[in-house]
Amino acid sequence: MNTLIVKFKIAKTTIKIFLIVFASQSVLSCVYNKNIIPPINPVPTKRQLDWQQMEYYAFIHFNMNTFTNKEWGYGDESPSTFNPSELDTDQWAKIIHESGMKGIIITAKHHDGFSLWPSLYTEHSVKNSPWKNGKGDLIRDLMKSCKKYNLKLGVYLSPWDRNHPDYGKPEYLNYFRNQLSELLSNYGEIFEVWFDGANGGDGYYGGTNEIRHVDKKAYYQWEDTYKIVRNLQPNAVIFSDSGPDIRWVGNEKGYANETSWSNLYRDSVYTGMLDYNRFSAGQEFGTHWIPTETDVSIRPGWYYHSDQDSKVKSLDKLVDIYFNSVGLNSALLLNIPVDKRGLIHENDSLRLSELAKFLKSTFSKNLALKGKISTSSNNVKNYKKHINDNDTNTYWSSENGDDKCKIEINFNKPINANVLKISEHIALGQRIKSFHFEIKSENQWKSIKTGTTIGNKRLIRFTSNDIDAIRITILETKGKPAISEIGLYKTPTLN
Ligand code: FUL
């Protein structure tokens, strides 16, 4: 309001505008406050909400290991080994964009310490490789390609560095943070910073060739490192086993937990802990909002190995992974190992486009829109039309006392569907603890699924049926539910 007053210098106009703005704000806030349902803590931050919308994005493992045919380099590799013949980040970005993914996270530095950008702080980087005669900067190239194809850029920076002589000593932290600052200062907006939990062990370490263990909880002083990210890239989410913004799902197979809370007692978890996967379901009463990210490779390895050209995951498998990650309140970070040429291999790109076609064909038509919604009760403002208005900012909620509230969608003519989508309005916290899903077919109600959590998105596959109606009953919830969307879809047949 103040800005408006400053802008309009003629007194009368100023007063009029002031009154209009003031009046409309009061009316809005009155309607809003009357019917709003209170949030249940913890709730996501803006950066976490923005990230959660991305749902499906790419990991690219491409670095020294691509040329040594390894998964973990020792750190003694010569920079001259890094020599892609046809490197083309536009090819990566085009394929990834056409696959429906929203961003790319690149292994800027993996455990062997080789840096894909000409870092000022090490000689172990592209600047001493034959690629572009040492004048190349892969992060810059990728940044430009991402801009061209409307993708967000993220960076993986391995905390473990098997090349650096200081690894394991306090001095290494300065090096690590200097490199982090370079990546976060020089390449525009970064959407995610990925800190790997694998750290400490044997390595080259400047020629000492020894084993160096670190205290995983204390050594990195993570809180100070997180401050650098917050200062330089306030919108970026930070990934590690334990958050603070997003956490590891607990396996590298592509499967989130059936019960999937975004809530976690943050202090019970730390990066690199061995029995991390006992936290993969999250914790119903967890104090912090830290949703999971599901990372998995399209091939058996994270890095490219030519003998895995025939082992690209099948479409069937990738579809299963999609439903068990994005469809279980997580996000899918699908890794594509770029090959020695510096290109996404033809077999991987073919599979990505098959998956894109499958997802587009499934989700472009919400069959629930053909039905008539009825609900056991309505909170006035959050009326039932919000259930399928395709807007995650609106939601439906029940009236006080309607403890096992129900949503029914009836169809005039039977429809044929085999996927149900339910989304909670997570800005108010994750609330639903259990639900029941039924369909009515040939005049009979059949139980399809009794499930637990929903969160950002729950996708349920079921056998295709002629459906006269569907019914969702919220069995248990914290406070009232806030349901933002319900969708019904039909998948194409997989060959
Ligand atoms: C792991 C690493 O050790 C693997 O090499 C890979 O980068 C994977 C995504 O994370 O912890």
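Residues numbered from 1 in each chain as written. Predicted model: local features only at pLDDT ≥ 70, side-chain atom pairs only at ≥ 80, totals over all residues. Heavy atoms only, no water.

## Some remarks on the layout of surface pockets
Alright, step 1. The volume enclosed by the largest pocket comes to roughly 870 Å³.
Alright, step 2. Forming the walls of the largest pocket are 29 residues, and the residues nearest its centre are Glu-55, Lys-102, Tyr-322, Phe-363 and Lys-457.
Alright, step 3. Put simply, the parts of the chain that give the lining of the largest pocket at least two residues each are α3 (46-54), α10 (346-363), β14 (406-424) and β18 (483-489).
Alright, step 4. Residue classes in the lining of the largest pocket are distributed as eight nonpolar, eleven polar and ten charged.
Alright, step 5. Looking at which domains feed residues into the lining of the largest pocket, each of domain 2 (48-363) and domain 3 (366-489) gives three or more.
Alright, step 6. The space that makes up the second largest pocket amounts to roughly 440 Å³.
Alright, step 7. Around the second largest pocket sit 24 residues that line it, and Asp-196, Gly-197, Ala-198, Trp-248 and Glu-252 are the ones nearest its centre.
Alright, step 8. The class makeup of the residues in the lining of the second largest pocket is eleven nonpolar, eight polar and five charged. (1 Å grid on protein atoms, 1.4 Å probe; cavity = no way out; pocket = protein on both sides within 12 Å on 5 of 7 lines; lining within 4 Å. Points joined across faces, edges and corners; volume = space filled by probe spheres on them. Helix = DSSP H or I, 4+ residues; strand = E, 2+ residues; numbered from the N terminus. Nonpolar A, V, L, I, M, F, W, Y, C, P; charged D, E, K, R; others polar. Domains from an automatic or database assignment.)

## Some details on the pairing of β18
Alright, step 1. The element β18 is extensively covered by neighbouring structure, given that seven of its seven residues are classed as buried.
Alright, step 2. One ladder, built from six bridges, connects β14 with β18; its direction is antiparallel. Bridge pairing links Leu-420 to Leu-488 in β18. (Buried < 20%, exposed > 50% of the residue type's maximum accessible area, 1.4 Å probe, protein only. Pairing = 2+ DSSP bridges.)

## Some details on the domain arrangement of the protein
Alright, step 1. The domain architecture assigned to the protein consists of domain 1 (1-32), domain 2 (48-363) and domain 3 (366-489).
Alright, step 2. Using C-alpha coordinates to define each centre, domain 1 is positioned 48 Å away from domain 2.

## Concerning the nonpolar core
Alright, step 1. Ranked by size, the top nonpolar core spans 76 residues in total, and within it Phe-82, Trp-92, Ile-96 and Ile-106 carry the most contacts.
Alright, step 2. Top element by residues in this core is helix α7 (residues 170-185). It accounts for seven residues.
Alright, step 3. Of the domains in this structure, domain 2 (48-363) and domain 3 (366-489) are the two that each give at least three residues to this core.
Alright, step 4. When residues no more than four places from it in sequence are discounted, the contact partners of Trp-92 are Ile-60, Phe-62, Leu-87, Ile-106, Leu-138, Leu-142, Val-338, Gly-342, Leu-343 and Ile-344.
Alright, step 5. Core analysis: the second largest hydrophobic core is formed by 27 residues, Ala-417, Phe-437, Ile-460 and Phe-462 among them. (Core = buried A, V, L, I, M, F, W, Y, C linked by side-chain atoms within 4.5 Å. Contact = heavy atoms within 4.5 Å.)

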